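What follows is the residue order along each chain.
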Amino acid sequence: MGFIMEFAENLILRLMEDPDQRDEAQRAHVYRMKERCERTKAAWALPLRPYGFWTFERFNSQLAWDPQISQAAGRRDPYDDLLTRHAGPNPPPSSSS
C-alpha cells in the first residue's frame, strides 16, 4: 500500500508547477505591463498632429475655399457681420430721365 501512496505523491509533485518559477513569470509579466503603461502614458502627452499641422497652406486653402466650413459659426469673420449689419439697405436708384 505504501508503494501506491509513494507513486501518487511523486505523480502529483511532477504535475505541480514550481512556485518559484510561477512567481518569477508573474513578476516578469507585471513589470512588462508597468513598462507598457508608462510608455502609453508618455505617448498621451504628445500631440496627435505635428507642430504647425493646422497652419499648412493646404488646410487653410480648404477652409477659405469651402463655404460650408468658412461660414460656420466661430470661423466667420466677425467684421463681415458688422459690415452687413451697419451697411443698411442700398439707396434706390434715381430715375431722373
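Predicted model, so just to flag it, every value in this text is computed and none were measured. (Residues numbered from 1 in each chain as written. Predicted model: local features only at pLDDT ≥ 70, side-chain atom pairs only at ≥ 80, totals over all residues. Heavy atoms only, no water.)

(A) The arrangement of the overall build of the chain in detail. Scanning the chain from terminus to terminus reveals 5 helices and 0 strands. Along the chain, helices (α) and strands (β) appear in the sequence α-α-α-α-α when read from the amino end. By the burial criterion, 5% of the 97 residues in the chain qualify as buried. Here the chain has roughly 9,800 Å² of accessible surface; of this, 60% comes from carbon and sulfur atoms. (Helix = DSSP H or I, 4+ residues; strand = E, 2+ residues; numbered from the N terminus. Buried < 20%, exposed > 50% of the residue type's maximum accessible area, 1.4 Å probe, protein only. Areas by Shrake-Rupley, 256 points an atom, 1.4 Å probe, with all protein chains shown as cover.)

(B) Layout of the pattern of salt bridges. Taken as a whole and judged by the stated rule, the model has 3 salt bridges. Two residues, Glu 17 and Arg 22, come together in a salt bridge whose shortest N-O distance is 3.5 Å. Arg 22 sits in the partly exposed class, given a relative accessible area of 45%. For Arg 27, the salt bridge is made with Asp 23, and the minimal N-O distance between the two is 3.2 Å. Pair noted here: Arg 27 and Asp 23 are both in helix H2 (residues 19–44), with a separation of 4 residues, about one helical turn. In this structure Asp 23 comes out as partly exposed when scored by relative accessible area, which is 37%. (Salt bridge = Lys/Arg side-chain N within 4 Å of Asp/Glu carboxyl O.)

(C) Structural detail: a nonpolar patch on the surface. Together, Met 1, Phe 3, Ile 4, Phe 7, Leu 11 and Leu 15 give the surface a local cluster of nonpolar side chains, amounting to about 750 Å² of exposed area. Its location among the elements puts Ile 4 in helix H1 (residues 2–15). (Patch = residues over 30% accessible without salt bridge, like charges linked within 9 Å, V, L, I, M, F, W, Y side chains within 5 Å.)

(D) Here's a closer look at the confidence of the model for the chain. For the chain, per-residue confidence averages 79 on the pLDDT scale, and residues scoring 70 or more make up 70% of the total. The secondary structure element of the chain with the lowest average pLDDT is helix H3 (residues 57–65), at 67, and the one with the highest is H2, at 95. (pLDDT = per-residue confidence, 0-100.)

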